[in-house]
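# Secondary and tertiary structure notes
Below are the chains, spelled out letter by letter.
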Amino acid sequence: EMMSVVDVVKRLAMSRTDVGFTLNNKWRFPQNQDMLERIIAVMGDDVRGRMLAVDARSGSDASMELHGFISEPTLRRASSIDQYLFVNGRPVKDKVLVGALRAAYMDVMHAREFPLCALYLTIDPRRVDVNVSPAKTEVHFLEPSHVRAFIIKALRDVLAQTLNNRAVQDTVISNPNVV
């Protein structure tokens with residue numbers, strides 16, 4: 001039961017950095033904490049310097065926005081414990097979002113490994129139903145394939161940019177005469 005309580009507090013702490021949380025004097029999340037510092041406090045110090053920023057808007061109408069952080073491909077867990085997903089500020093556990101996250105990492109991570117993330121999807125409230133479950137942790141998107149495609153593209157763009165930057169750095173380090 002205590003692990004369930006800790007999980008709820010962590011999800012709430014990730015959803016609201018403007019609010020402070022303390023649980024059993026072990027879990028402390030100060031009020032107005034920087035998002036990256038809150039992520040480190042929740043997920044552990046091993047994520048420091050290994051999270052990649054995500055900031056994407058869909059198409060010209062910007063009907064969806066995705067921001068937050070994902071782990072670099074070499075940082076992974078054996079379970080999905082450090083995957084924090086939010087829709088319009090609400091912590092959720094949604095198959096569409098989890099599937100999009102897994103698909104984005106498909107080429108860079110084994111199927112039995114899980115990336116870390118704190119992803120915040122903002123979508124027109126008319127395009128998502130939050131009254132699917134009594135706990136309000138599940139959502140139903142009116143266009144799930146559109147949401148999935150947007151998230152996969154946004155995350156793959158971030159991963160590709162990171163991998164390209166690393167390849168350039170490796171080339172410069174191995175051959176300093178290349179400019």
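Just above sits the structure.
Let me sum up the structure you'll find in this document. None of these values were measured; they are calculated from a predicted model.

### Comments concerning the sheet that holds strand S6 (residues 83-87)
- Strand order in the open sheet formed by five strands is S3-S4-S9-S6-S7, with mixed pairing between adjacent strands. Strand pairing shows two members of the sheet lacking a second neighbour, strand S3 (51-57) and strand S7 (90-92), which therefore form its edges. Going across the sheet, the axis of each strand differs from the next one's by a mean of 20°, ignoring polarity.
- Sheet topology note: the S6/S7 ladder contains three bridges and is antiparallel. What sits directly across from valine 87, in S7, is arginine 90.
- Along the sheet, helix H1 (residues 2-15) makes contact with S6, S7 and strand S9 (117-123), crossing S6 at roughly 55°.
- Across the face of the sheet, helix H3 (residues 95-104) comes into contact with S6, S7 and S9 while running at roughly 130° to S6.

### Digging into the pairing of S6
- Counting buried residues in S6 gives five out of five residues, a clear majority hidden from the surface.
- A two-sided burial pattern is seen for S6, the buried positions comprising Gln83, Leu85 and Val87 on one face and Tyr84 and Phe86 on the other.
- Here S6 runs beside S9; their pairing, made up of five bridges, is parallel. Within S9, the residue paired with glutamine 83 across the bridge is cysteine 117.
- The hairpin formed by S6 and S7 contains two residues between the paired strands, and asparagine 88 there has a positive phi angle of roughly 50°.

Parameters at a glance
Residues numbered from 1 in each chain as written. Predicted model: local features only at pLDDT ≥ 70, side-chain atom pairs only at ≥ 80, totals over all residues. Heavy atoms only, no water. Pairing = 2+ DSSP bridges. Helix = DSSP H or I, 4+ residues; strand = E, 2+ residues; numbered from the N terminus. Axes fitted to C-alpha atoms, helices over the stretch in contact; angles between N-to-C directions. Contact = heavy atoms within 4.5 Å. Buried < 20%, exposed > 50% of the residue type's maximum accessible area, 1.4 Å probe, protein only.

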